[in-house]
Each structure stands twice: as structure tokens, then as C-alpha cells.
Amino acid sequence: IFSGGFMLLIFYWRPDWKLLCTHSLSVISKSTKVLLRTTDETNQVRLIYFLHLNPKLFFLVSNDAEIPLAHYGTDTASHNDVIYFKHHSLKYIWNNSVMTFKELGGLDKQATLAQLHQDSTTGLKHDDKDDRQNLYGQNLITVKVPPYHHLLMFEILNPFYVFQLFAVVFWMFDEYYIYAIAIFIMSFISAITSLIEVIHKLFQVKHKKSIHSNILGSVLTYRLAGLTVISATNDQGLIILQIVEFYLNPCIPNRSPPFTGTCIVNESMLTGESVPVTKTPLPSGENELQHLYDTDSHKRHTLFCGTEVLQTRFYRGEMVKAVVVRTGYHTAKGKLVHSILYPKPVNMQLLRDAYKFIAVLFLIAMCGFIYTVVIQTISGETAAEIALNAIDLITISVPPALPLAMTIGIIYAQLRLKKQKIHCISPQRINVSGQIDVVAFDKTGTMTEDGLDLSHIVPSYVKSDPTLYNEPRQPEDTTEHPGDEMVQCMVTCHTLTTIDGRILGDPLDLKMFEATKWQLVEPVVSIGILVFICRNASPNGVSGGDDIGVVRQFPFASVLQRASVITRAYRAKPKEMKVYLKGAPEMVASLCLPSTVPADFHEVLKSYTQQGFRMIGMACKDLSLTWLKAQKIERSAVECDLKFLGLVALQNKLKPQSKGALLKLEKAEIRTVMVTGDNLLTALSVAHESGMIRPHEDVLLASTSDASENSPATLQWNYADNTGKSRACIVTICIMTSQLVPNWHLAVSGHDFAIIQNYFPEWKEILSVKGTVFARMSPDQKTELMENLQSVDHHVCMCGDGANDCGALKRAHAGVSLSEHEASVAAPFTSHTDLGIECVPTLIREGRAALVTSFGMFKFMALYSLIQFCTITLLYNDLTNLSDVMYLYIDLIIIDLVAVTMSRNHACKYLHKKHPPYSLLSVEMLVSLMVHIILQLGAQLLVFFMIRRQCWYTTLTPAQAQNTTMNVTDCPQLSNVIDQSNVMMTYDTSALFYFSCFLYMSASVAFSRGFPYRTPIYKNYLFIGSLLFLVAFTLFLIFGAPTEL
């Protein structure tokens, strides 16, 4: 009350101060609030809640021993009350064992496969259902749109808007109505615009995340301890460990691993690829049952929230059954929506520097405040007049229009990007993109074309020598060998499916299958023992006689680098089955009997990969199994002791824009990096072909081994073969001597990257600085690489197709998705696929233009406030001031017109090798601003003292001078002085006002530098026209305007 509400405002900005003033530290059991120190250096306060749970609540039963809830993110072992708080829609539970809060997770972090299989048969009792409902809440991904007036209040309580409101109220008291109303209108429009953008984004996310309205005609069956409840569209009641059966094709409202049957799903919302994915039951082998369930390693067995089930395949009349392990924001779609609603804080160095500089301006204003109070007190002014003049000086020193002026350049850049088919959902990142000095590209689908062309089939045997490769075959020759094992592997080892008469699936699988000219046939439902049937449709095949049925699938896993199937031929005996496997050639060869692998395997593989081919290895072996055992056999027992069949070469061509875009970045001295999940040699070939690595530059390949009980981890660097140098390379020689040319590169695989991260931390910085090719990288490793690059002060841009790159796209300073699917919503920038990686130089150019514009606009606004501050301070010396009309002409006409037009410079058409300054407080920026401050202050002082040396000068106003006898007979200019009896201003006021007008215009020109980041100033026609108009009108006011003006 005594502060007039000011303390409430302070506490709103700093809730931690309010907490310190109103609360005291306490033990967790007696606490009511918790203070959070977040990663964006802000402090937030959250309420603590106590939830009473049934002490018999246990999640799992393992070996007849009850496992308490504490093992799954909470602690109820010592008491029945769960202590938690909610932050950003997530619940955090107090864990006594580690004495801290832990995020409440689902079942997937702790459960073994055996426990999941056991729980899938029992279901839940009603009491357990209610307890889980209380703990986890409803299965909702809620995007709450707050009331509009709340959002508006949130906007206007920003410190900038509060200061503007203060200035407007003050100006109204000072009878400066026109400008006060103008600033209020502009601020209100700005706040409403921001409000509309926030609401639009919330509604957009709410619309895209909505899954309930899309479940049309779907039926989910919830089994609760034998009681079956049918629900048509309501999935809000799904809870952890509930069993779900799919009868039709629903949209998945939770995260569930299937236990029976197979699902074909569309995960485009999460991966960006509209490719059907096959989901198979969780492994049930004896050794596999003790493995912990993990979403990443078991993603081929997990139905993710938001994905659409296109097809279900169930066996012997049993429906596809799944168990719920996550709900709400803990699901995959929930995390995606959460990352959009609560994105990671952007490193807004510009904003922090702006606050620091405004603090400096405020200190200058306080000096002027004290000076004004002292001068006018000595002169005998009233207290009200002194207060008005002193506070007026503060509003001059910190310009209220600064926030609007700072965002104008970003708005123009965003509009230009949109015209170039680059969409931005985080405008603050545009300035950050102007600081990019490293760009990481995904390979497949980003640098190269999406599709793969089948080039060669290389069988591994010849009749004369089974250890050598046969002559390569063309794809069209496969129809002549229907009984060939390689052809049968190409036909069966895939996850393709038939939907509405079309064969859909992974492009690589589809390309190989189509080359065989076989058909994919769905099995009869009544049989229910086959996944699908492959039928030879070529003229050489016998109708139905060559049919091969797929009994079980082991889908491709990036961790395992392979996929396999168990098949049974039409004419085979009941237990006569066959395994076909394909994957990374090195992995396939390691799983085969050494006697079946050709002696020249590595040489042939290297020759193809160095030509840029993507290689797939194939293998097979015979099995003797019943259908039931085939469903339970472990994957490791199937994928071993195989017979190597050969290689398939697929060609992935560069996109036409790739070479040109990389050349532009190279000329701008912006480092480029390739991050791919493909083979290392294939990635190196693409790097050479694209120009990322030049022919004369050295490339060092990492060779690592993991640590064991008897030996430590090792790291060795070898020259790539195409360098013409010795293979051996000692680490210290490579780095410390001049054996290498100035431009040299490191290339590592995902395995090497993990070894270096874990065992060789001293090499992390070198790898971050000199690494160029990162192959066989998992999604998590891509994200980790972004963090490593940022740790060495790089500003990183990640460009990917939105499939496995989502984590890296979000972690980079500027993420550019070339996918137009919903997964790209998480990336700050989305480019039209036709542009390819050409969008990256375009984004950097526009980012640089926006960044330099923001810097120039800030310097202009700062100099504008200091020019006016100096003008008013000098006039206060004579107890005079500018008139309201003068203020309006400066603030409303000159400044606003210049601010709107000087930011319209387009980005320079090419990237320059000189990088823009990264900080407002850099030496270059500070020197530039200080020089202009000194020059303008010196110029105003010069005018101020020169005007006083004139013979006709008087401190009286012209009206007062008409009635005063002055001894100016020797003044030759006296005859030129016209009647100004109605003008109430001094010569000082007039001279400083007109001179300062030209200072503002000259400052706008000085801070509108074009080259090398923006087009020249003379191409900004609106700005040039505005300047000419202002100069002409100001000269008119000086020489031609009626005295009444």
C-alpha cells in the first residue's frame, strides 16, 4: 500500500524476492512452496501438494517381492503421502532416497520385459485404477488458452511496457497529450499484435495436438481385472498398466508396447516421414525377458501417442493387445507439444546487452535528474516544475519506443523469409541465425535425394571359388533367378505392407522389392499364422509354387543395424523354415560364419562406398522350428551363424542445390559438418563429391576400441586412403607438427564418437573444432554433437529432414527442417523441400541483415535519446525547454518515420566472409557509439556557444526583446531580424532544435550501413525519400515557414 503498488510489480517480476520476504526455509514435510532456479537464469515459485496414496500401491511384482513406488520416481516406502509440485504441466515427486524432486515418469524406465508380460495378463483392479488416476491424472495433452485479458496483462507487465505506461501517464500530466496518445496507441497495437501471435500459436498447437476428435469410428477395449468397458472416443481415462485391445484402426492416445499381433502405424507426426512402420510384439525369449524396457531400444515394439494405426494383424482370432506405460505429457507426442509450448530458452545475448545498456542510459538519466534538480532549485523554480522537468529527462534518456524499434528489423526479415518459402515460428531466432559459424547437415534427404536407386547386386559366390564375389548383376536380372537366395532375401526381409491396394513402407525396402517384380499378398484372416505372403509374379515363376510366407519379423533397429525375418516356403515341410537378414555390411558379416564371407569382402565394400554407394549386406540360414517356437525364439538365437549372401548397392544422388550452397558457405568461411546415420565411407564419398572436403585436404579416420577388464580404451587416427600418405598416424604428430596441410578434417563413426566422449575428454574440443564427417550417429549422439559445438563457443545451425534430427534441430541455435510434416513444428525454421539446403545461406543472410539492423536501430535510438538529453540539459541551464510542437516533430515525425524506413534494407545477395559483431557490448559497437556521442555532444556545445557570440544574441525571447532597449547599433544583422512578437522561444531553443533535427537524420544515415550484410542505403528508396522529405521540410521551417509555426 505504502509503495503505491510498486512492490507488487517488483514481486511479480521477481517472485523469489517475494518468497524470501514472506516465507522462511523449512523441511520438505512442512513446506508449502518451492523455489525453482531454471536454466534460463530465472527464478520461479511453485506450490507444493501432498497426495495420500494407498500403501498397497505397487507397480510391479517380481519374484514374489513387492517393489515400492519409490523405484519408479516417487517414494512411499516410509510414508503414504506423496509430495509433489507441478511445473510446465509436468509433475515432480519428492524422492527421499536422493533428497530431491524427480520428474514423475511412466513404467518404461524401470520395468523388465518379464514384468510387462506378466502384468499384461492380469489387468487392474478398480482400487489400483483410482490410485493411478490420482497420481498420474487424466490422459490429456492439455493446451490451455488463458483468458485474453490475462494474456494481455502478461504482455503489458513486461518492464518495457510498464515504463512506456509510466511515460504516457507522466506526459499526460505534463500536457504532452499528442505524443502520449501516439505512444499509447503504438504500444497498445504492439501488445495486441504479440497477443494475437501467442493466441494463434496456442490454437495452432491445440489443433495439431488434438487426437480425440480424429478417432472416428475407432473402438478401444479397456480390460480392468476381467471387466470390459467399451468406449468409442474417450481415451482420457487411460492409465498406467492398463491393457488395451485394438479392434479397428485408432489413433494412439498413449504410449503402449504391443504383446500380441502386429500393428502397421503412420508415425509422420513424430518422424516427419509418411512411411508405414511395423510394430511387433515385445521379445519373449528367456534371456530377453530380464532386459529393462527402453523406449529407444524397443521403439519397434512401442505404439507412440499421436501415431495412427493403419492396419492390425492378429493371429488365431486374438486381438492386438497392448499395455499402457505412459500417458499425457510423458508420451512422445506430449513431449513434442511440451517442447513447443515451453521451448528451451534462447541465448538472447542481444536482449541481455540491451538491458545492460539501458541500465547505463538510466544512470546517465539519473545524473541529469540530479543536475536538473540542483540547477532549477537554485533558480527558484517550484517543486512541481522541478519534478516535471527532472522526470521528463528520464523519459528522454530511456526512449519508450525502443522495444518497437528493436523488433522492426526482425519483422521485415520474417516477411522476406516467408516470401522465400522459409517459415519461422520463433522470430527471436532470426537474429541468432545471423551469428551462425557452423552448419551441420544430415545427409540422406537433406544433402542427397530422398529416394535411392538400386544400382548393382553383388552375389558373394562363384562356382569355382565360393570365397569370392560373383560378377555384379543388374536389378532387372533378378527376375531370371526366382529361386536365388539373394532374391528371396530382397523379397521377404522388409516391413512393407499393402494398404488400399498400394505397397507402402521404407523407400529402401520398397526399391529392392519392386526390382524383383514379386507381389505382396495379405494372408487370409482365418489362417492367422503369417505376417504376409510374397508371390512370384514374373513370367518365369509358377503361380503359387514360389510363394514364401513370413512367419515373424524382427524390424530394423538403428542400434543393431540390421533387420531379419523368419520365413516358410509354400512347398516346405512344417518345421522347415529359413531366416533372411539384411543390414549394414560390416554388421551382417560379423554375424555370418567366417567361411561364408568372401576374402575380398572389405576391399569390394570399400570400392563401392568410396564411389558413394549405400551398401546393404544380406545373409540367411535354415531353421527347424514349429510356428509356436518361432514366435518365442530370441532374436539373438536367430541372427547368428548365418551364410553370407552378398551385397546390394544403392545410389543416393546429391541434390542439385547442395554443391552451390556448400560453396557459398565455404566462401563465407562458415564451417560445414555432415551428421548422418549412414556408413562412414559413404559419407566421406558424399563429402568429397559435394565439396565439403577438397581433394588436397587431409582426412583422418578414428580407430577406437572399447575398454575391457584387461585393457583400456584406445584411440588411433589413420589417414584416409585417398590422401596418398602412410596409413599410420601418431596423434601427437598429427596435431603438433606440420605434416598436415592447413585444412584438415577428422571423420568418426557413432561408435568412435561414443568412445571419445566417454574415455578421451581431451579430444572432445579438437573433434568439435576439426570434425567434419560424423557417420552412424544415433539421434541422441546428434544432439550431443550440437552441445559439444556450442561448448566451444560456436553458433550452430542444424539442417535436417525432420526424421531422426528433431533433437538436434531443437538443441541447435537455429534448426532448419526440410520436412513439412508436423514434426517440423518443433524446429524454429521450416523450409520448402524444393529449396534443398540452399535455404541455409538464405537464412544466414537474412539473419545477418536482421542482426545488423537491430544493432543499428539500437545505436540510433540510444544516440537519439542522448542527443535529446544533451539538448534539454543545455536548455535547462537557461530555464527553458523545447515546445510541445518541437517534441512532436522530433519524436513523432523524424524518429518514427526514420525508424520504420531505415530498417527496410534487404539482405545482401551473397554471404561475406566477414562475420557481424555478436554483441552490443563488443569493442566495435561501443567505439562506434562513443565516437558518435562525443561528436554530437561537441557539435551541440559548439552551436550553443557560437550562438551566444553573435551580436544580436539575447537570452530574452523575441517578444520580450521587442520591448527592450538593446545596444546593438553595431550589429549588421539587426535589419534582417523580423517581427517575432508572437514567438515564445529563445535563440538557444531555436538553434539547438533545428541543429538536433539534422543530427537525428545524420545518425540514421551513419547507422544504416549496408555492405557487407545489407543492400546499400541508396537502394532503400523509402528511407532515402523520407530523409529528403525531412531535410526539405526542416529547411522550410528554418527559412520559409510563417513565424506562427
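Residues numbered from 1 in each chain as written. Predicted model: local features only at pLDDT ≥ 70, side-chain atom pairs only at ≥ 80, totals over all residues. Heavy atoms only, no water.

## Quick notes on the overall build of the protein chain
Across its full length, the protein chain carries 33 helices and 36 strands. Taken over 1045 residues, the protein chain has a buried fraction of 54%. Put simply, of all contacts in the protein chain between residues at least 6 apart along the chain, 71% involve residues at least 24 apart. (Helix = DSSP H or I, 4+ residues; strand = E, 2+ residues; numbered from the N terminus. Buried < 20%, exposed > 50% of the residue type's maximum accessible area, 1.4 Å probe, protein only. Contact = heavy atoms within 4.5 Å.)

## Some remarks on the sheet that holds strand E22 (residues 518-521)
Within the open sheet, the eight strands sit side by side as E19-E28-E27-E26-E25-E24-E23-E22. Their pairing is antiparallel. Edge positions in the sheet fall to strand E19 (453-459) and E22, since each has one partner strand and no second. On average, each strand axis in the sheet is inclined to that of its neighbour by 30°, with strand direction left out of account. Inspection of the sheet shows E22 paired to strand E23 (residues 532-536) by four bridges, in the antiparallel sense. Bridge pairing links Gln519 to Arg535 in E23. Sheet strands in contact with helix H18 (residues 601-609) are E19, strand E27 (613-624) and strand E28 (643-651), and its direction is about 140° off that of E27. (Pairing = 2+ DSSP bridges. Axes fitted to C-alpha atoms, helices over the stretch in contact; angles between N-to-C directions.)

## Description of the packing of aromatic side chains
Under the defined criterion, the tally for this structure stands at 17 aromatic pairs. Plain terms: the ring middles of Phe753 and Phe774 are 6.2 Å apart, the flat faces sit at 85° to each other, and that makes the pair edge-to-face. One end of the pair, Phe753, is in helix H24 (residues 750-759); the other, Phe774, is in strand E33 (residues 771-775), with 21 residues separating them in the sequence. Accessibility classification places Phe753 together with Phe774 in one group, the buried group. On the basis of an interplanar angle of 35° and a centroid distance of 5.8 Å, the ring pair of Tyr889 and Phe1033 is categorised as tilted. Of this pair, Tyr889 sits in helix H29 (residues 884-901) while Phe1033 sits in helix H33 (residues 1021-1040), placing them 144 residues apart in sequence. Residue Tyr889 is classed as buried on the basis of its relative accessible area of 8%. Assessed through its relative accessible area of 32%, Phe1033 is described here as partly exposed. (Phe/Tyr/Trp six-rings, centres within 6.5 Å; stacked < 30°, edge-to-face > 60°.)

## Describing the packing of helix H21 (residues 658-667) against helix H28 (residues 839-876)
With their axes 8 Å apart at the nearest point, H21 and H28 run at an angle of 35° to one another. Between H21 and H28, the residues in contact are Ala661, Lys664 and Leu665 and Val840, Pro841 and Ile844, respectively.

## Here we look at a nonpolar patch on the surface
The grouping of Leu165, Val169, Met172, Phe173, Tyr177, Ile178, Ile181, Phe184, Ile185, Phe188 and Ile189 at the surface amounts to a nonpolar patch, some 1100 Å² of accessible area in total. For the nonpolar patch, the elements supplying multiple residues, two or more each, are helix H6 (159-173) and helix H7 (177-209). Counting residues per element, the nonpolar patch draws most heavily on H7, which supplies seven residues. Relative to the helices and strands, Ile185 is located in helix H7. (Patch = residues over 30% accessible without salt bridge, like charges linked within 9 Å, V, L, I, M, F, W, Y side chains within 5 Å. Areas by Shrake-Rupley, 256 points an atom, 1.4 Å probe, with all protein chains shown as cover. Salt bridge = Lys/Arg side-chain N within 4 Å of Asp/Glu carboxyl O.)

## Details of the environment of Pro159
Secondary-structure assignment places Pro159 in helix H6. When the C-alpha positions of Pro159 and Leu9 are compared, they lie 9.4 Å apart, and in sequence the two are 150 residues distant.

## Observations concerning the side chain of Asn788
You can see Asn788 is positioned in helix H26 (residues 779-791). On the basis of relative accessibility, which here comes to 8%, the residue Asn788 falls in the buried class. In this view, Asn788 contacts Phe753, Gln757, Lys764 and Ser768; residues no more than four positions away in its chain are not counted.

## Topic: the nonpolar core
Among the nonpolar cores identified, the biggest contains 72 residues, and Phe860, Met861 and Ile894 are the most heavily contacted of them. With 17 residues, H28 is the single largest residue contributor to this core. Three or more residues apiece are contributed to this core by two domains, here domain 2 (148-212) and domain 4 (349-421 + 845-958 + 980-1039). With residues up to four places along the chain from it excluded, the contact list for Phe860 reads Ile895, Val898, Met902, Tyr1000, Ala1003, Ser1004 and Phe1007. Counting residues in hydrophobic clusters, the runner-up holds 43 residues, among them Ala668, Val686, Ile693 and Val699. (Core = buried A, V, L, I, M, F, W, Y, C linked by side-chain atoms within 4.5 Å. Domains from an automatic or database assignment.)

## Side note on the pattern of salt bridges
A full pass over the atoms with the stated rule returns 14 salt bridges. In this structure, Glu924 and Arg1009 form a salt bridge, with 4.0 Å as the shortest nitrogen-oxygen distance. Of the two residues, Glu924 sits in helix H30 (residues 923-948) while Arg1009 sits in the loop between helix H32 (987-1006) and H33, which places them 85 residues apart along the sequence. The salt bridge involving Asp988 is made with Arg948; its shortest N-O contact spans 3.4 Å. Separated by 40 residues along the polypeptide, Asp988 in helix H32 and Arg948 in helix H30 bring together distant segments of the chain.

## As for the side chain of Asp891
With respect to the element layout, Asp891 can be found in helix H29. Summary of buried charges: Asp891 has no salt-bridge partner, and the nearest side chain of opposite charge, Lys859, is 21 Å away. Here the side chain of Asp891 touches Tyr176 through a polar contact of 3.2 Å, side chain to side chain. Here the side chain of Asp891 touches Gln868 through a polar contact of 3.4 Å, side chain to side chain. In this structure, Asp891 is in contact with Tyr176, Tyr179, Tyr864, Gln868 and Asp896, ignoring residues within four places of it in sequence. (Lys, Arg positive; Asp, Glu negative; His and termini not counted. Polar contact = N/O pair within 3.5 Å; in protein donor to acceptor, adjacent residues only side chain to side chain.)

## Some details on helix H1 (residues 6-13)
Listed as buried for H1 are Leu9, Ile10 and Phe11. On its buried face, H1 is in contact with helix H2 (15-22) and H6.

## Observations concerning the pairing of strand E26 (residues 576-583)
Across the eight residues that make up E26, a large majority, seven, are buried. Here six bridges tie strand E25 (residues 562-569) to E26, and the two strands are oriented antiparallel to one another. Across the sheet, Thr567 pairs through a bridge with Lys578, a residue of E26. Here E25 folds back onto E26 in antiparallel fashion, the turn holding six residues.

## Some words on unusual backbone geometry
Backbone geometry places Asp641, a non-glycine residue, at a positive phi of 50°. Summarising the element assignment, Asp641 is placed in the loop between helix H20 (635-638) and E28. We note that Glu669 has phi near 55°; this positive angle belongs to a residue other than glycine. Following the sequence through the fold, Glu669 ends up in the loop between H21 and strand E29 (671-675).

## Comments concerning the sheet that holds strand E15 (residues 308-313)
The antiparallel open sheet is built from three strands, whose spatial order is E14-E13-E15. Looking at strand neighbours, the two that pair on one side only are strand E14 (276-279) and E15, the edges of this open sheet. Taken over all neighbouring pairs, the strand axes of this sheet differ in orientation by 25° on average, direction set aside. The sheet contact formed by strand E13 (residues 262-266) and E15 spans five bridges and is antiparallel. Residue pairing for E15: Asn266 is matched across the bridge by Glu308.

## With respect to H21
Listing the buried residues of H21 in full gives Ser658, Ala661, Leu662 and Leu665. Take H21 and look down its axis: the buried residues cluster within an arc of 95°, on one side only. Buried residues in H21 make contact with strand E18 (438-441), helix H14 (443-447), E29, helix H22 (680-690) and H28. Remark: Glu669 follows H21 within two positions and exhibits a positive phi of approximately 55°. (Arc of directions from axis to C-beta.)

## Points about the packing of H30 against H32
Viewed as axis vectors pointing N to C, H30 and H32 meet at an angle of 155°, and their least axial separation amounts to 10 Å. Taken together, the axis directions place H30 and H32 in an arrangement best described as roughly antiparallel. The handedness of the crossing between H30 and H32 comes out as right-handed. Across the interface between the two elements, His932, Gln936, Ala939, Gln940, Val943, Phe944, Ile947 and Arg948 of H30 pack against Tyr987, Asp988, Ala991, Leu992, Phe995, Leu999 and Ala1006 of H32. Looking at the contact of H30 with H32 residue by residue, the classes come out as 10 nonpolar, three polar and two charged. (Parallel < 35°, antiparallel > 145°, perpendicular 65-115°, else oblique. Left-handed = near helix turned anticlockwise from the far one by under 90°. Nonpolar A, V, L, I, M, F, W, Y, C, P; charged D, E, K, R; others polar.)

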